[in-house]
Structure formats: C-alpha cells, structure tokens
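Residues per chain, in single letters:
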Amino acid sequence: MEENGNIKLGISIGDLNGIGCEVVLKTFEDSRMLDFCTPVIFASNKTISGQQKALGISIPFNGVQEASKAVDGKLNIVNVWKQVPEIKFGEATKEAGNFALQSLKAAVASLKQGDIDVLVTAPINKNNIQAEDFKFPGHTDYLAQELDGESLMFMVTDDLKIGLLTDHVAVKDVSSAIIPRLIRDKVNTIEKSLKMDFGIRKPKIALLGINPHSGDNGVIGKEDDEVLRPVINEMTNNGHLIYGPYSADSFFGSDNYKNFDAILAAYHDQGLIPFKTLSFGRGVNFTAGLSKVRTSPDHGTAYEIAGKGQADHSSFKEAVFMAIKIFRNRTEYLELTENVLKKQRIKRER
C-alpha cells in the first residue's frame, strides 16, 4: 500500500467469453471507485479495448508493463500478453481458458511480490482453464498452493458469513473427507479470520450437521454423533465458542443463523444455497486463512448472458469493497498485535 493509503487492487480478468470483463468494467465506470483503490487489471490494452467496444462501454485506462507502475486515480491495465484474443461470448474455448490462466498467474505473482495489496478474481471456467500447471477444481486450491496458510472458502456479506468444511468435493466423498483434524483446522481458520479480518473479538461459530436432522441420533447416519460432536465438545472445553451440529434444513428458516458470527457448513451446496438465497447478489467469496487477501463475486461465467450487457456487477463491486475492508482490518490487527508483543518483550527485558 502506498504511503497515502491508496490500496492497489489487482484484478485477474477470468474467462474472456463470460461476464468477467463486463462486471469489472461496469464497476469502474463509476469514477468514484478510484477514490477507494487503485485498480490494476491483468490482461492487455487491446483485450480491454476489444471488450469495451463489444459491450458498448467506454472508460479511459492507463497501460503499464508491470503493476508497480500503476497510477493512482486511473484504471490501470498490465499488458500480460501481446496477442489479440478472439472473443466468442458464451463459448467455453481453450483459448479463453489459456488467457484466464495467464492473467491469474501474473496477478498472483504481483500479489506475492507486493506490487498489489489484494486480489479480486473474475470468474473462470473450471474446465477450460485446466493445464499442465493448473490442475485444480478452482481458484481456492490454486491459491492455497501459491500463498502461505490454510485456505477456507468463506462466503461473506456484512451480516452473513458461511465457511465450508469441504468445498469442491463430490457429495459421495463428503462424509469420508470430514475427519477430526479437518474440523479443528477449519474452525481455527474461520475463528482467526473473524478476529483478524472482521474485527470480532470472541466469535461464535455454528457447525451444521452432515446428515439430515444431524443423523437423528444415529438413525440417518452416525457421522454427526461419532465425528462432529466429539470435536465440538473438545474444542468447547478448550475455550472455543463452537456450537452444533445443527440440522441444516431448519437452521436458516428459523433465523437461528443470526445468533452466530459465522456458520461452518459440511459441504458446498449446504452452505452456498442458503447463502446465495439470502445475500441477493451482495455476496462475496473470500479465501480466508491465506497470507494475502483474495475475494471474488459469488457467481460464475454466466455464458448465457455474456456479451449482452445484462450482467449485474453488484457482487463484483462488493468483492472490491470487501477486499479493501479486510485488508484494512488485517493491517490494523497485525499492527496492534505487533505492538502488544513488543510491549510484552520490553516488559520481560526490564
């Protein structure tokens, strides 16, 4: 971050045939967004010009060769490639996957080098982005490899936060994947993120059951009683405010979720269906637990409306604001923690 407090916000452009470019450009059509951050898109001048022409959007931008040269008060484009990609809105092409990967790798490299402060990723197609050096089910697993920490898929708004025990795992493999160590790790990660990234001093976390009705005392599966409950009891005894397992079907409809700072769902759809229903396009996908801040909108490439000018950029805009908020919270938390440790050290030395 620059001395004047302007956060450099990197953007990987995602699948060029989806709605990624559209939601990015619509977000920064509002020049007031430049008061909050210095946006840096990893693509190329010609690519963004071509997208603007196709979408009927016109925004001035500043082309640079590297993120460290980005200019405050402007939309900056890092020229990652020289080719001019062929735009085929609505089609899942290998070429689009290749450019999405180039953008992502360049953005992550800049993030690791400190040339950008945070990363917001536009949607990729998990199929056409696959390559020799990218064999992951999505952004989260790739970022977990590239950045230090224990990653957690954390879907967030200001008043609803849902983490996942398992994310891109087939339903048939969910119960075998949930083991005591995984539960402890995810609870610790979500708890640390709530304190560090969201300023919640004593977070209360609810854990949803794996089986319908949390197993109904073993009638519909024993995993909740034999795996979840013992870990919950153990962590509660160690001072964690972790509760459950709760039956997922009534947990949200009864508004019980409002009694907790975060919810930890057992698997992908158990958490994302209620989240996307309740967040109404305001939702953000945040990868908690990493050494750097990464957010993304809560939607995919939306090929069916790509190139039609119909994409709603609300979630991408929220992802930008959330990345800025988390970065500032985390910076403040680390500074306070460092000062406390420094005072303790000085006291011991005396």
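Scroll up for the structure.
Reading guide: rules and limits
- Residues numbered from 1 in each chain as written.
- Predicted model: local features only at pLDDT ≥ 70, side-chain atom pairs only at ≥ 80, totals over all residues.
- Heavy atoms only, no water.
- Helix = DSSP H or I, 4+ residues; strand = E, 2+ residues; numbered from the N terminus.
- Rg over C-alpha atoms; globule rule 2.2 N^0.38 Å.
- Buried < 20%, exposed > 50% of the residue type's maximum accessible area, 1.4 Å probe, protein only.
- Contact = heavy atoms within 4.5 Å.
- Areas by Shrake-Rupley, 256 points an atom, 1.4 Å probe, with all protein chains shown as cover.
- Lys, Arg positive; Asp, Glu negative; His and termini not counted.
- Charge placed at Lys NZ, Arg CZ, Asp CG, Glu CD.
- Phe/Tyr/Trp six-rings, centres within 6.5 Å; stacked < 30°, edge-to-face > 60°.
- Lys NZ or Arg CZ within 6 Å of the ring centre and 35° of its normal.
- Salt bridge = Lys/Arg side-chain N within 4 Å of Asp/Glu carboxyl O.
- Expected span 1.5 Å × (residues − 1).
- Pairing = 2+ DSSP bridges.
- Right-handed = clockwise from strand over helix to strand, strands pointing away.

> Just checking my understanding: could you explain the overall build of the chain for this structure?
Each helix and strand in the chain was counted, giving 10 helices and 12 strands. For the chain, the C-alpha radius of gyration of 21 Å lies close to 20 Å, the compact-globule estimate for 350 residues. Its C-alpha atoms put the chain at 60 × 60 × 40 Å along the principal axes. Across the 350 residues of the chain, 50% fall into the buried class. Restricting to contacts in the chain with at least 6 residues of sequence separation, those with at least 24 account for 74%. Looking at the chain as shown, the accessible area adds up to about 16300 Å², and 48% of this sits on carbon and sulfur atoms. Averaging the coordinates of the 42 positive side-chain charges in the chain and doing the same for the 45 negative ones gives two points 5 Å apart.

> Looking at this structure, how should I read the packing of aromatic side chains?
Pairs of aromatic rings are described using the distance from one ring centre to the other and the angle between the two planes. In total, this model carries 13 aromatic pairs according to the counting rule given. Geometrically, the ring pair formed by Phe 134 and Tyr 142 is tilted, given 5.2 Å between the ring centres and 45° between the ring planes. When its relative accessible area of 5% is taken as the criterion, Tyr 142 is described as buried. Between Phe 198 and Phe 286, the ring centres sit 6.1 Å apart and the planes meet at 80°, which makes this aromatic pair edge-to-face. Placement of Phe 198 in helix α6 (residues 180–198) and of Phe 286 in strand β11 (residues 284–290) is noted, with a sequence separation of 88 residues between them. Grouped by ring-pair contacts, the aromatic residues Tyr 243, Tyr 246, Phe 251, Phe 252, Tyr 257 and Phe 260 constitute a single cluster. Here the guanidinium or amino end of Lys 204 rests over the ring plane of Phe 260, the centre of that ring lying 5.6 Å away.

> Can you help me understand the pattern of salt bridges in this one?
Charged atoms that come close allow side chains of opposite charge to pair. Taken as a whole and judged by the stated rule, the model has 12 salt bridges. Where Lys 105 meets Asp 133, a salt bridge forms, and the shortest distance between an N and an O atom there is 2.4 Å. Within this pair, whereas Lys 105 is found in helix α3 (residues 94–113), its partner Asp 133 is found in the loop between β5 (118–121) and α4 (139–146), the two being separated by 28 residues in sequence. On the accessibility criterion, Asp 133 (40% relative accessible area) is partly exposed. The salt bridge partner of Arg 330 is Asp 197, with a shortest N-O separation of 2.8 Å. A residue pair is termed long-range when its members are at least 10 positions apart, and Arg 330 in helix α10 (residues 314–349) and Asp 197 in helix α6 qualify at 133 residues. We classify Asp 197 as buried; its relative accessible area is 0%.

> Just checking my understanding: could you explain α6 for this structure?
Counting along an α-helix, one turn takes 3.6 residues, and residues three or four places apart therefore face a common direction. Spanning 19 residues, α6 covers 26 Å between terminal C-alpha atoms, matching the ideal 27 Å at 1.5 Å per step. Of the residues flanking the end of α6, it is Gly 199, one or two places downstream, whose phi is positive at about 70°.

> So what exactly am I meant to see when it comes to the pairing of strand β9 (residues 242–246) here?
In the case of a regular strand, side chains alternate between the two sheet surfaces. Both strand β8 (residues 205–208) and β9 contribute to a ladder of three bridges, which runs parallel. Note that in β9 the partner of Leu 208 across the bridge is Tyr 246. In this fold, the crossover linking β8 to β9 by way of helix α7 (residues 223–237) has right-handed handedness.

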